[in-house]
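# A closer look at the structure
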Amino acid sequence: MALEGDEVRSEATELLDAGAHDPLDTMRHSAAHVMAAAVLDLFPDAKLGIGPAIRDGFYYDFDLPRALTPADLEAIEGKMREQVAANLSFERSELGRNEAVAQVTAAGQEYKAEIIRDLSDDQAKVISFYTHGSFSDLCRGPHVKATGRIGPFKLLSSAGAYWRGDEKRPMLQRIYGTVWETQADLDRYLWRVEEAKKRDHRKLGRDLDLFSFHPESPAAPFWHPRGMALWRALEAWSLEVRHRGGFVEVRTPAVVRKELWETSGHWDLYKDNMFVLDDADHISGLKPMNCPESMLIYKTQMRSYRDLPMRLADYSWLFRRERTGALAGMFRVRQLTQDDSHVLCRDDQVDDELRLALSLVRETYAPFGFTPTFKLATRPEKRLGSDEFWDRAEGRLRDALAAEGLEYALDPGGAAFYAPKIDIFIADALGREWQMATVQLDYQLPQRFDLEYRAADGGFERPVVVHYAIYGSFERFIGVITEHFAGAFPAWLAPVQAMVIPIADRHNEYAGQVVTALREAGLRAEVDDRSERMQAKLRDAQEQKVPVMLVLGDRDQEAGAVSPRLRTGESMQGVPLADFVVDLAGRVARRELWPYAQETATEGAAEAAS
Ligand SMILES: [Zn+2]
Ligand SMILES: [Zn+2]
């Protein structure tokens, strides 16, 4: 269920600050009250936990005499509809702390009593309750005027949840629901939830034979041949864009002595996330990031102002000691590969390098059909450097965004402690937003590594580093695009671009020639020469979401032709083989979004694009 982990409000914020008073949130929180009233109606001994609005809906926690069944959720939903139909108004009242405790205790609500007792004196100055019908709940508000204002809703599921998230406290039952302004919004949301289950990259990774996970190496993918084909297609595109942008590739070791991590600061700040090796006489760490090692490459020569900018791409393996056990698939792995970039440049080159980074981001995402959005993360409370430094650094990022004609949102206080950054997001076919790339400005690392270059006037200056990855990690990006395309990758990415299907054994030899012609044009083709019926072979290729199936019969063989059928349903007869090869190779080389499937033309995508 997508809801877990998205709980945007804690118990404290529900009580003390009812949030941003977004009308939809207010309606969702009101629906939680209505649900609590319905549960009390059906289970008079129910004890109430908390019931906040969350992203896309709401929940409420209950201590109940027995486990809830799907039939219970239906009954609760029915009781909720009665309250909505009755259009009961929400009335606010206020009590002092002692009276409030007495009131909830008299009602048998011990969890509520605990919340009130734990309030600080300041928080307890005003303790408010909201009542609708005969149900009253400790609550800061606000609420909709009356229950009739609650839009179309649905209860989704129930799950166990410890009181206050503490496994030593009682396990309560949490009921999740969703509520929207309109029936169309609700329908779209329910469709999204169903669709997300179907598109789960862990399931598709298995079905399409892309990768697998094994307990022998937790949270680290094993790449199968088809997954590797996808990886290489992504890598080739990424390197092509980087090379055009003036990058050169480097590769640096995985096992690195701790002295380097001490210099970079990772040993102090990041050691808990590193795999540490005790190599008899030396302590080393498996590298979680490439940056420090690129600094060592820079330092192997005295650099001059003419050598800069130096743009280094490093796509080597990284290792992070992520908690295992979380079923996050590609979204949280312990071994990953970034399309990592480090630009070492003069201070007067920073503006151009930031613009280059932003333009490479857009270029990279274009053949996926993604339009990135941008967020500028500004100075946090705890930071290094003067206000003048931050004014200038933030100004440069802002200027780069403006110069590229990009609109952006602000993330106040969201920067790293040493410099501001630009975070880059994409929306997928389900309208879900993913943070992908980050462009980070860095004056600290050059200082820690004492980097210099000889300036035009003969003196020594310190370079600046601009860090960025565009896919982020290949692993996570593959997870995202697998779900975005529902596994139906455009031809340029598809692990198998064409499946050759001879109708009978007598066509096998010709099928071999067709595969050879496709492979010689650099295309990924396979032949299905099993002695299955043609329809079965077509169905299997369709299930594997192969973009083009080439059915070969007598007439094709005699004419040196193929009869292509697209995954999307179109078909052609007797296309000369040479013409077909040129056509497909052209689409792949241009990285077209082809064949264009309904799977990726969803309402979500239409919304995201508008
Ligand atoms: Zn409330
Ligand atoms: Zn870096």
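Residues numbered from 1 in each chain as written. Chains lettered and ligands numbered in written order. Predicted model: local features only at pLDDT ≥ 70, side-chain atom pairs only at ≥ 80, totals over all residues. Heavy atoms only, no water.

### Re the overall build of the protein chain
On a plain count of helices and strands, the protein chain comes out with 20 helices and 30 strands. Overall, the protein chain is about 85 × 75 × 55 Å in size when its C-alpha atoms are taken along their principal axes. Residues counted as buried form 51% of the 610 residues belonging to the protein chain. Within the protein chain, residue pairs in contact and separated by at least 24 positions form 71% of the contacts whose partners lie at least 6 positions apart. For the protein chain, the exposed area adds up to about 28,000 Å²; of that, 49% sits on carbon and sulfur atoms. (Helix = DSSP H or I, 4+ residues; strand = E, 2+ residues; numbered from the N terminus. Buried < 20%, exposed > 50% of the residue type's maximum accessible area, 1.4 Å probe, protein only. Contact = heavy atoms within 4.5 Å. Areas by Shrake-Rupley, 256 points an atom, 1.4 Å probe, with all protein chains shown as cover.)

### With respect to the packing of helix α8 (residues 225-244) against helix α15 (residues 474-484)
Their axes nearest at 11 Å, the elements α8 and α15 cross at an angle of 105°. Between α8 and α15, the angle falls in the class roughly perpendicular. Taking contact as the criterion, the partners of Leu230, Trp231, Leu234 and Glu235 in α8 are, on α15, Phe474, Glu475, Phe477, Ile478 and Ile481. Looking at the contact of α8 with α15 residue by residue, the class counts come to seven nonpolar, no polar and two charged. (Axes fitted to C-alpha atoms, helices over the stretch in contact; angles between N-to-C directions. Parallel < 35°, antiparallel > 145°, perpendicular 65-115°, else oblique. Nonpolar A, V, L, I, M, F, W, Y, C, P; charged D, E, K, R; others polar.)

### Considerations on the environment of glutamine 535
With respect to the helices and strands, glutamine 535 occurs in helix α17 (residues 534-543). Separated by 388 residues in the primary sequence, glutamine 535 and threonine 147 place their C-alpha atoms 56 Å from one another.

### Here's the deal with the pairing of strand β21 (residues 421-427)
The buried fraction of β21 amounts to six of the seven residues, a majority that puts the element mostly inside the structure. Taken together, the five bridges between strand β19 (residues 373-377) and β21 define a ladder with antiparallel strand orientation. Counterpart to lysine 375 in the pairing with β21 is aspartate 423. In this structure, β21 lies alongside strand β22 (residues 433-442), joined through six bridges in antiparallel fashion. (Pairing = 2+ DSSP bridges.)

### Regarding the coordination of the zinc ion (ligand 2)
Around the zinc ion (ligand 2), the protein contributes the donor atoms Cys291 (SG), His342 (NE2) and His467 (ND1), at 2.1 to 2.3 Å from the metal centre. Along the chain, the residues donating to the zinc ion (ligand 2) are arranged with the sequence spacing C-x50-H-x124-H. Placement of the pair is cysteine 291 in helix α11 (residues 291-298) and histidine 342 in strand β18 (residues 335-345), with a sequence separation of 51 residues. Take cysteine 291: its relative accessible area is 10%, and that puts it in the buried class. We classify histidine 342 as buried; its relative accessible area is 0%. (Donors = N, O, S within 2.8 Å, 3.2 Å for Na, K, Ca; no water.)

### Things to note about a nonpolar patch on the surface
On the surface, Leu269, Leu384 and Phe417 cluster together to form a nonpolar patch covering roughly 290 Å² of accessible area. Among the secondary structure elements, leucine 269 is positioned in helix α10 (residues 266-269). With a relative accessible area of 62%, leucine 269 lands in the exposed category. (Patch = residues over 30% accessible without salt bridge, like charges linked within 9 Å, V, L, I, M, F, W, Y side chains within 5 Å. Salt bridge = Lys/Arg side-chain N within 4 Å of Asp/Glu carboxyl O.)

### Quick notes on the sheet that holds strand β30 (residues 575-576)
Spatially, five strands are ordered β27-β26-β28-β29-β30 in an open sheet, and the strand pairing comes out mixed. Edge positions in the open sheet fall to β27 (525-527) and β30, since each of these has one partner strand only. As judged from the four bridges shared by strand β28 (residues 548-552) and strand β29 (residues 561-566), these two strands associate in the antiparallel manner. Residue pairing for β29: methionine 549 is matched across the bridge by arginine 565.

### Thoughts on the pattern of salt bridges
Pairing of side chains with opposite charge becomes possible as their charged atoms draw close. This model, assessed by the stated rule, comprises 47 salt bridges. One salt bridge connects arginine 591 with glutamate 240, and the closest N-O pair in it is separated by 3.1 Å. Of this pair, arginine 591 sits in the loop between α19 (577-589) and α20 (603-609) while glutamate 240 sits in helix α8, placing them 351 residues apart in sequence. Across the pair glutamate 394 and arginine 379 runs a salt bridge, and its minimum N-O distance is 3.0 Å.

### Re the sheet that holds strand β5 (residues 127-132)
One open sheet holds the three strands; their spatial order is β4-β5-β6, and the pairing between them is antiparallel. Pairing within the sheet leaves two strands with one partner each, and these edge strands are β4 (91-95) and β6 (135-138). The mean inter-strand angle of the sheet, taken between neighbouring strand axes irrespective of direction, is 30°. Summarising the sheet, β4 and β5 pair through five bridges and their orientation is antiparallel. Bridge pairing in β5 places glutamate 91 opposite threonine 131. Against the sheet, helix α4 (residues 97-106) makes contact with β4, β5 and β6, and its axis sits at roughly 40° relative to β5, the strand it touches most.

### Some words on the coordination of the zinc ion (ligand 1)
Taken together, the protein ligands of the zinc ion (ligand 1) are His29 (NE2), His33 (NE2), Cys139 (SG) and His143 (NE2), with distances of 1.9 to 2.5 Å. The sequence pattern describing where the donors of the zinc ion (ligand 1) fall on their chain is H-x3-H-x105-C-x3-H. You'll find cysteine 139 and histidine 143 in the same group, each marked buried.

### A closer look at the packing of helix α2 (residues 23-42) against helix α3 (residues 70-86)
How two helices sit against one another is set out by the angle between their axes and by the gap between those axes. Contact pair α2 / α3: the axes reach a minimum separation of 8 Å and the direction vectors enclose 115°. α3 is crossed by α2, and the crossing has right-handed handedness. Across the interface between the two elements, Ala31, Val34, Met35, Ala37, Ala38, Val39, Asp41 and Leu42 from α2 touch Ala75, Ile76, Lys79, Met80 and Gln83 from α3. Of the residues in the contact of α2 with α3, the class split is 10 nonpolar, one polar and two charged. (Left-handed = near helix turned anticlockwise from the far one by under 90°.)

### A look at unusual backbone geometry
Following glycine 141, the chain continues to proline 142 via a peptide bond in cis, the omega torsion being 0°. Going from leucine 308 to proline 309, the amide bond is cis rather than trans, its omega being 0°. Within the secondary structure, proline 309 is located in the loop between β15 (303-304) and β16 (310-314). The phi angle at aspartate 450 is positive, at roughly 50°, despite the residue not being glycine. Considering the arrangement of structural elements, one finds aspartate 450 in the loop between α14 (444-448) and β23 (453-454).

### Here we look at the packing of aromatic side chains
All told, the structure shown has 24 aromatic pairs when counted by the stated rule. Taking the centre distance of 5.1 Å and the plane angle of 20° together, the rings of tyrosine 60 and phenylalanine 62 count as stacked. Grouping residues by exposure puts tyrosine 60 and phenylalanine 62 together as buried. Geometry around tryptophan 180 places arginine 28 over its ring, the cationic atom sitting 4.4 Å from the centre. Seen from the ring of phenylalanine 247, arginine 242 lies directly overhead, with NZ or CZ sitting 5.7 Å from the centre. (Phe/Tyr/Trp six-rings, centres within 6.5 Å; stacked < 30°, edge-to-face > 60°. Lys NZ or Arg CZ within 6 Å of the ring centre and 35° of its normal.)

### A short note on the confidence of the model for the protein chain
Across the protein chain, pLDDT averages 91, with 94% of residues at or above 70. A low-confidence stretch, residues 601-610 stays under pLDDT 50, and its non-local contacts, those more than four residues away or across chains, total 13 contacts. (pLDDT = per-residue confidence, 0-100.)

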